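Descriptive analysis of the structure
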Amino acid sequence: QLTSNDSGKLFLIDKTEGLGAFTINLPKLSLDIAGWHCKFINSVAGAGNVSIVCFGLPAAGGSTGD
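Computed from a predicted structure; not experimentally measured.

Notes on the confidence of the model for the chain
- Of all residues in the chain, 73% have pLDDT values of 70 or greater, and the mean over the chain is 80.
- Put simply, strand β4 (residues 50–53) is where the chain has its lowest mean pLDDT, 83, and strand β1 (residues 10–13) is where it has its highest, 89.

Structure, rendered in structure tokens:
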């Protein structure tokens, strides 16, 4: 789970195959984090499943049903 303090950071994703799914949750949207940004770089070619999803959504994305 990323937070507002992670804005501007660079994240290297080192996801080796066989370790299961890996999910990155973005911070909750609010006016307090307007301009929030970061960068993700996949550092392993052919890495396993990596998901980047909005705050509060399940790892597969989609709707929470609310």
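Next comes the rest of the write-up.
Some thoughts on a nonpolar patch on the surface
- Where nonpolar side chains cluster on the molecular surface, the patch consists of Leu 10, Leu 12 and Ile 41 and spans about 300 Å² of accessible area.
- Summarising the element assignment, Ile 41 is placed in strand β3 (residues 39–42).

A look at the pattern of salt bridges
- Per the stated rule, a full pass over the model turns up one salt bridge.
- Asp 6 serves as the salt-bridge partner of Lys 9, at 3.0 Å between the closest nitrogen and oxygen.
- The class of Asp 6 is buried, set by a relative accessible area of 11%.

Basis of the calculations
- Residues numbered from 1 in each chain as written.
- Predicted model: local features only at pLDDT ≥ 70, side-chain atom pairs only at ≥ 80, totals over all residues.
- Heavy atoms only, no water.
- pLDDT = per-residue confidence, 0-100.
- Helix = DSSP H or I, 4+ residues; strand = E, 2+ residues; numbered from the N terminus.
- Patch = residues over 30% accessible without salt bridge, like charges linked within 9 Å, V, L, I, M, F, W, Y side chains within 5 Å.
- Areas by Shrake-Rupley, 256 points an atom, 1.4 Å probe, with all protein chains shown as cover.
- Salt bridge = Lys/Arg side-chain N within 4 Å of Asp/Glu carboxyl O.
- Buried < 20%, exposed > 50% of the residue type's maximum accessible area, 1.4 Å probe, protein only.

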